[in-house]
Amino acid sequence: MYWLRFFFLGLLLENAQSYILPDTVVPSKYVVDIFVPQGVFTGQNDTFEGEVTMTFTVTESTNEINLHHRSTIKTVTVSNEDGDANTVTNTSYNSTTEIFTITVQNALTTNTLYSLNIEYYATLEQDNMRGLYISTYIDESNQTSYLVLTKFEPVHSRHAFPCLDQPKFKATFVLSLTYPLGLNALANTNVSSNLTVDGTYLKTTYQETTIMSTYLVAFAISEFTCTEGYSIESGVPHSVCSRPEEEPYRAWAVEIGTTLLRSLESMFGNRYGVSMPKMDQIAIPDFTSGAMENWGLVSYREAYLLWSESESSNNYKKTIALVIAHEFAHMWFGNLVTCQWWDYIFLNEGFARYYQYLAGPATKTLSDWELEKHFNVEVVQVALLADSTDSAWALTAESYSASQISSKFSTISYSKGAAILRMIEKNIMGADNFIYGLRQYLTDYAYQATIPANLWSSLADHVPSNVLPSDVSLEDALYNWVEENGHPAVLVTKSGNDVILSQERFLLSTADNATREYYVPITYTSSNDTTTFKNTTAKTWLIPDQSLTLRDVLNGSDWIILNNRQSGFYRVDYDSTLWEAIKTQLHENHLVIDVLNRAQLVSDAYNFARSGANTNYRNWTYAEALDVISYLQYEDNYFPWYAAIVGNNHLLQRIGYESTVGQQFISWMLTLMQKVYSTVPFETIDNSDQVYSMKQALILSRVCKYGEETCVSKAKELFAQWRDEGVAVPKNLRVTVYCNALRYSDNATTDFNFLWQKYTETNLMTEVITMYAGLGCSQDAESLKWFLGQSINSTSGIRLQDFTTVWSYVYSSSATGTIAALEYIAENYATLSAAYSGVSNLISGAANYIYDEDQLEKLQAISNTTGLSASHLTAVQAAVTTAQTNIQWAETVREVVKAQIEVQSAATMSTCSLALAIGVCLLSKVLF
């Protein structure tokens, strides 16, 4: 029967391959002419017409032309460069793969230039925010304003015009748009000509683009205006565009955009203006992604581009700078050099994610923001977690269908991709050699499409000698990191003055494939020379299927810490003797250990405990993890606390914030937070200090959520001053104040209604999102259900792009919110499922916060809902299974946590009693 297995596997592969176009047709130029009628901009029409002429050659003799479309074809004409027509004998269309096959009478031959002309029409998308679609907003005159815009990545260019819609089929594009007079139209390049048509329309033709992939074509027709800043370089302007009423909010993007693009030009040694004549950034009311790197016309959600000096927090200021840097890095990695197929999307997204954190530090404006440290806790540690399940995708996992391709745009491609690139730079090549290799890559493959081997080849030319293991190439050293999923935990064992290293794949919940091993670059610091934390070049390598002994490395040292500044993409576990020595150092003088390694120790401890609860990983339990993090009572740095709060969030999500053990854990955690809490008082506002502002927002939001009395009291006081006296809450405190004033409100309905009213009065999206978060914190179930109802009310102002954000804020904020979400689904299923297609995601999302039987019953009750579809019933059943597993896990963990909290609390109180004698220890009061 084995032949049957291979037979069916062959069929599956053949079916998957059917999504990929043959290499026979090679396009070189598209001339695209699109007409959008007046009725589209008054809500009376939703169709557009188009004509595309594609110039192409063929690589072999053929009678077929294959390309993509998602439209209604009116006419098809094929001719050679002399204008001689080739009769079209047949056309066929596969609605699954969206491949259109044209058969011609006479064979097409090599070394001949051909032209394919197609006239077509299609319906504009509205709810999906993809392809060519309509968006609306309410303008300053309270009138509905319509705009037409694009979002083509990854497979939606075919909706706007028939094309070979795959990244490797690059060409130039000449775009013409015909649209009503009085509107503005932007595209990838500058305007070449304008022509009035019938006194009603304007036909705008744009300059021919550089060679690029179809998914990078973009245009927008609207009433938007733009603010121009300093040029990128001579003759290359930079502008930020949006709704006219948002003009005051463009200044930060105008300023930092030019700065970041110049920084990246300098890094990569390649001028942006060589490829494109301008850079426009556009803020869009409805946009499915955070942003999109269309060459010359980068698109953003409003919250990721528009920032108010007086109203938007420093956190949003940082987010906007990072998102702009990410999209601008794509001008080189993704646009100039493009992944050949979506299997290799990390070649685009990994670089963009990495350099969004590196472009800023190279500038004077952002040099003191510590963005490279943020990379560790926001990217590396997030990627390690995402890569800790057996179902995680490899960086180069195969994808064929649209849904598979979309799923590749994930934490793995972005953050693991970035972390692996950082490991190559820090552990293997060094900063200078790495950038030399990247410059060679960008030069060698400019305007081409690549696979990972091309990158490794360019980098390999600049790898220093004697850095890699003997007889191992760069590509070989990276193979398992890139071609397979997962990463290792390096196990460190003391043997006299020696240290023995081994490895095993780290997994959170299963031992499948745990034997996979990696070439692991080893860096380390011992207690007798802590200056070496800054040295991230690999000192040696842990080789697959081998252990490694570091001889005499502990001579004169009490401890050793591996993975300097967490530069390698792996976790590190120590034997009990070494862990005890590290914990002793953390308690005696934690500052001796580099701050990024302190954050690593906290993150690793939490995740070893999380894994141990499922797999008996090295006998880890939460008792060991809490023992490690107990040193935080002395810690006041942002980054270890960031790692700790991430670990706390998962633990409390599982055992329950409101559970008895959850409250015991919170009480203990607040004693640990007294020092760091004292460094960020409500009264000390310093908007000019980015690092301080980020720490203040992080710590205050957590201390208040944990119910610390002075924190909650101050949050309620500031909210009351706003509500009763009109005194605005300081912008960097708003997320804390809005949320916790409602969470602990003495008049829940009144405070909720006040915040909702304020929401209806603002159009600044950074403030809108902050208010959504605050509204979701209410403990009034009826208000929360009403809020969820507004997510499908077309007059509420809640946009489709923010639908899941609103729901997440509700069901993740508290047990009250979780139950409210589950009850709303059951009580309003018909209306909800008619308005929103992703109900299954809402069910699974809310179920992930269930921690007791009462909540589980609410989930199970959905299965009895009248009219429940089969797919949603399946989603409920799967969610119930997951919730039951989580409840069982929590029951096991609670007893361990409770016992360890008693031990830790006694130790902490002993420390506090001693400190109290000199007036240092602060005793917290918790609101239960």
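Computed from a prediction, not measured in an experiment: that's the story for all the values here.

## Describing the environment of Glu 902
Within the secondary structure layout, Glu 902 lies in helix α29 (residues 870-916). Along the sequence, Glu 902 and Leu 124 sit 778 residues apart, while their C-alpha atoms lie 62 Å from each other.

## Details of the pattern of salt bridges
By the definition in use, this model includes 37 salt bridges. Its salt-bridge partner being Asp 724, residue Arg 723 comes within 2.8 Å of it at the nearest N-O pair. Take Asp 724: its relative accessible area is 53%, and that puts it in the exposed class. Look at the salt bridges and you will find they share partners, linking Glu 782, Lys 785, Glu 823, Glu 827 and Lys 858 into a network.

## Here's the deal with the sheet that holds strand β13 (residues 191-197)
The strand order across the open sheet formed by 8 strands is β5-β4-β8-β2-β1-β11-β14-β13, and the pairing between neighbours is mixed. Only two strands of the sheet have a single partner each, and these edge strands are β5 (85-86) and β13. Relative to strand β11 (residues 172-180), strand β1 (residues 25-35) runs parallel, the two being bridged by 7 bridges. Residue pairing in the sheet places Lys 29 in a bridge with Thr 172 of β11.

## Examining the packing of helix α5 (residues 346-358) against helix α6 (residues 371-386)
Between α5 and α6, whose axes approach to 8 Å, the crossing angle comes to 140°. If you check the angle between α5 and α6, you find them oblique. Seen from α5, the contacting residues are Arg 353, Tyr 354, Tyr 357 and Leu 358; seen from α6, they are Leu 371, Glu 372, His 374, Phe 375, Glu 378 and Val 379. Considering only residue class, the contact of α5 with α6 consists of 6 nonpolar, 1 polar and 3 charged.

## Describing the side chain of Thr 770
Locating Thr 770 in the fold gives a position in helix α22 (residues 765-776). Residue class for Thr 770 comes out buried when judged on its relative accessible area of 12%.

## Describing the sheet that holds strand β3 (residues 62-68)
Strand order in the open sheet formed by 3 strands is β3-β7-β6, and the pairing between neighbours is antiparallel. Single-partner strands in this sheet number two, and they are β3 and β6 (88-94). Taking each pair of neighbouring strands and ignoring which way they run, the sheet shows an average axis angle of 20°. Looking at chain direction, β6 and strand β7 (residues 99-108) are connected through 6 bridges and run antiparallel.

## Quick notes on the nonpolar core
With 302 residues, the main nonpolar core has Phe 161, Tyr 355 and Leu 859 as its most contacted residues. Among the elements that line this core, the one with the most residues is α29, at 11 residues. Discounting residues that sit within four places of it in the chain, Leu 859 has contacts with Leu 822, Ile 843, Ala 847, Ile 850, Val 876, Ala 879, Val 880 and Ala 883.

## A short note on the packing of aromatic side chains
Inspection of the entire model under this criterion finds 48 aromatic pairs. Both rings, one in Tyr 441 and one in Tyr 445, keep their centres 5.7 Å apart while their planes meet at 55°; by these two values the pair is tilted. Each member of the pair, Tyr 441 as well as Tyr 445, carries the same accessibility label: buried. Look at Phe 608 and Trp 620: their rings are 5.4 Å apart centre to centre, the planes differ by 40°, and that puts the pair in the tilted class. Within this pair, whereas Phe 608 is found in helix α13 (residues 595-615), its partner Trp 620 is found in the loop between α13 and α14 (622-629), the two being separated by 12 residues in sequence. The pair formed by Phe 608 and Trp 620 is uniform in burial state, with each residue classed as buried. Of the aromatic side chains, those joined through ring pairs into one cluster are Phe 268, Trp 332, Phe 333, Phe 351, Tyr 354, Tyr 355, Tyr 357, Phe 375, Tyr 441 and Tyr 445.

## Some words on the state of the cysteines
Counted according to the given criterion, the structure contains 3 disulfides. Each sulfur in the disulfide pair Cys 226 and Cys 241 lies 2.1 Å from the other. Taking the sign of the S-S torsion, 105° for the link of Cys 226 and Cys 241, the bridge is right-handed. Of this pair, Cys 226 sits in strand β16 (residues 225-228) while Cys 241 is found in strand β17 (residues 238-242), placing the two residues 15 residues apart along the sequence. A relative accessible area of 0% places Cys 241 in the buried class. Two residues share a disulfide in this structure: Cys 704 and Cys 711, whose sulfurs sit 2.0 Å from each other. Between Cys 704 and Cys 711 the sulfur-sulfur dihedral comes to about -95°; the bridge is accordingly left-handed. Taken as a pair, Cys 704 and Cys 711 share a single burial class, namely buried. The cysteine Cys 163 is free of any disulfide, with Cys 339 supplying the nearest cysteine sulfur at 16 Å.

Parameters and conventions
Every residue gets a number counted from 1 within its own chain, in the order that chain's sequence is written. Note on the predicted model: pLDDT of at least 70 is required for a residue's local features to be given, and 80 or more for side-chain atom pairs to be given and counted; whole-chain, interface and lining totals, by contrast, use all residues. Water and hydrogen atoms play no part in the side-chain values, which are based on all heavy atoms of the structure. Strands are runs of DSSP state E lasting at least two residues, helices are runs of H or I lasting at least four, and both sets are numbered from the N terminus onward. Definition used for salt bridges: Asp or Glu carboxyl oxygen within 4 Å of a side-chain nitrogen of Lys or Arg. Burial classes: relative accessible area under 20% of the type maximum marks a residue as buried, over 50% as exposed, and values in between as partly exposed (1.4 Å probe, protein chains only). Pairing between two strands requires that DSSP report at least two bridges joining them. Fitted lines through C-alpha atoms give the axes, limited to the stretch in contact for helices. The angle between two N-to-C directions lies from 0 to 180 degrees. What sets the label is the angle itself: under 35 degrees gives roughly parallel, over 145 gives roughly antiparallel, 65 to 115 gives roughly perpendicular, and the rest give oblique. The contact definition used throughout considers only heavy atoms, calling two residues in contact when any of these lie within 4.5 Å. Three classes are used, and their members are as follows: Ala, Val, Leu, Ile, Met, Phe, Trp, Tyr, Cys and Pro are nonpolar, Asp, Glu, Lys and Arg are charged, and the others, Gly among them, are polar. Buried residues of nine kinds, namely Ala, Val, Leu, Ile, Met, Phe, Trp, Tyr and Cys, make up a nonpolar core once their side-chain atoms join them within 4.5 Å. Put simply, two rings from Phe, Tyr or Trp (the six-membered ring, in Trp's case) pair if the centres are within 6.5 Å, and we call them stacked under 30 degrees between planes, edge-to-face over 60, tilted for the rest. Two cysteine sulfur atoms form a disulfide, by the criterion used here, when they sit within 2.5 Å.

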